[in-house]
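A closer look at the structure
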Amino acid sequence: RKEVEQDPGPFNVPEGATVAFNCTYSNSASQSFFWYRQDCRKEPKLLMSVYSSGNEDGRFTAQLNRASQYISLLIRDSKLSDSATYLCVVIKNTGGFKTIFGAGTRLFVKA
Amino acid sequence: GAGVSQSPSNKVTEKGKDVELRCDPISGHTALYWYRQSLGQGLEFLIYFQGNSAPDKSGLPSDRFSAERTGGSVSTLTIQRTQQEDSAVYLCASSPRTGGGYEQYFGPGTRLTVT
């Protein structure tokens, strides 16, 4: 089993839709959590950090559930420009920090 | 300011040759990370540096891979006796420091093709 697992999708949604992605992690030593966005043939870029209390940035909301070991990303009012691959990222500390990326969830927003 | 830069942007090499990939992190960033991404796959962590030292080398796929960082700045990833399965995009990222909570800023990557 992979340490960080995501539904690869693709998710095909119309503009204006609400879409949610989940990401599960297996290591309880995991400390920090992020969502990154990667456009086709581009480098990943930070979308948002994920906090236990949940956090919101405009149309994007991230949640962390430590008990069930998953994080989620909710996108409201989807835009065409939201089409990308969304990467779940977990940093764990097991005597040294290790960054683990999920394989990503592809989102296509259609007009 | 300047972001993370990597060179070359593309590298085609013959199987069995050695290659060196370079990463220039954002000035002042003490943490530097190397990843590779195969076509359609997620990022595979290779190694990270805290200053000039690499606390964790376990992500390097084989002893043909090595990396160093000098002066707390530039890093080179060396692949010896390249194999076709080494073909991938090699991404470098830097961060103000290691540990949780710090955003990693990625360079544009080096696309390596081994023929």
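For the structure itself, consult the block above.
The rules we used
Residues numbered from 1 in each chain as written. Chains lettered and ligands numbered in written order. Predicted model: local features only at pLDDT ≥ 70, side-chain atom pairs only at ≥ 80, totals over all residues. Heavy atoms only, no water. Helix = DSSP H or I, 4+ residues; strand = E, 2+ residues; numbered from the N terminus. Buried < 20%, exposed > 50% of the residue type's maximum accessible area, 1.4 Å probe, protein only. Contact = heavy atoms within 4.5 Å. Areas by Shrake-Rupley, 256 points an atom, 1.4 Å probe, with all protein chains shown as cover. Lys, Arg positive; Asp, Glu negative; His and termini not counted. Charge placed at Lys NZ, Arg CZ, Asp CG, Glu CD. Buried area = accessible area lost by both parts, 1.4 Å probe. Polar contact = N/O pair within 3.5 Å; in protein donor to acceptor, adjacent residues only side chain to side chain. Nonpolar A, V, L, I, M, F, W, Y, C, P; charged D, E, K, R; others polar. Pairing = 2+ DSSP bridges. Axes fitted to C-alpha atoms, helices over the stretch in contact; angles between N-to-C directions. Phe/Tyr/Trp six-rings, centres within 6.5 Å; stacked < 30°, edge-to-face > 60°.

**A word on the overall build of chain B**
Scanning chain B from N- to C-terminus turns up zero helices and eleven strands. For chain B, the α and β elements follow one another from N to C terminus as β-β-β-β-β-β-β-β-β-β-β. If one aligns the C-alpha atoms of chain B with their principal axes, the spans along those axes are about 40 × 25 × 25 Å. Taking all 115 residues of chain B together, the buried fraction comes to 49%. Here the contacts in chain B between residues at least 6 apart in sequence split such that 55% fall between residues at least 24 apart. For chain B, the exposed area adds up to about 5300 Å²; of that, 44% sits on carbon and sulfur atoms. Here chain B holds 11 positive side-chain charges and 11 negative ones, and the gap between their average locations is 2 Å.

**Details of the interface of chain A and chain B**
Contacts between chain A and chain B engage 17 residues on the former and 21 residues on the latter. Buried area between chain A and chain B, both sides added, is near 1600 Å², and the carbon and sulfur share of it is 56%. The largest contributions to the chain A side of the interface with chain B come from Phe97, Thr99 and Phe101 of chain A, which together make up 31% of the buried area. The tally of links from chain A across to chain B stands at three residue pairs in polar contact (both at pLDDT 80 or more). Counting only elements with at least two residues in the side of chain A that touches chain B, the list comes to strand 4 (30–38), strand 9 (84–93) and strand 10 (97–101) of chain A. Class assignment of the residues belonging to the side of chain A that touches chain B gives a composition of nine nonpolar, five polar and three charged.

**A closer look at the sheet that holds strand 6 (residues 55–57) of chain A**
Two orientations exist for strands paired in a sheet by backbone hydrogen bonds: parallel and antiparallel. All names here are of chain A. If you walk across this open sheet you meet the five strands as 1-3-8-7-6, and the pairing is antiparallel. Every other strand in the sheet has two partners, leaving strand 1 (4–6) and strand 6 as the edge strands with one partner each. In this sheet, adjacent strand axes meet at a mean angle of 15° when their direction is disregarded. By the bridge criterion, three bridges tie strand 6 to strand 7 (residues 60–65) in an arrangement that is antiparallel. The partner of Glu56 across the bridge, within strand 7, is Thr61.

**Some details on the packing of aromatic side chains**
One pass over the structure, following the stated rule, counts 13 aromatic pairs over all chains. Ring geometry for Phe34 of chain A against Tyr36 of chain A: centres 6.4 Å apart, planes inclined by 70°, an arrangement best described as edge-to-face. Tyr36 of chain A matches Phe34 of chain A in its accessibility class, with the two residues each being buried. With centroids separated by 6.0 Å and ring planes inclined at 85°, the aromatic side chains of Tyr36 of chain A and Phe106 of chain B adopt a geometry described as edge-to-face. Of this pair, Tyr36 of chain A sits in strand 4 while Phe106 of chain B sits in strand 10 (residues 105–106), on two different chains. Overall, Phe106 of chain B belongs to the buried group, its relative accessible area being 8%.

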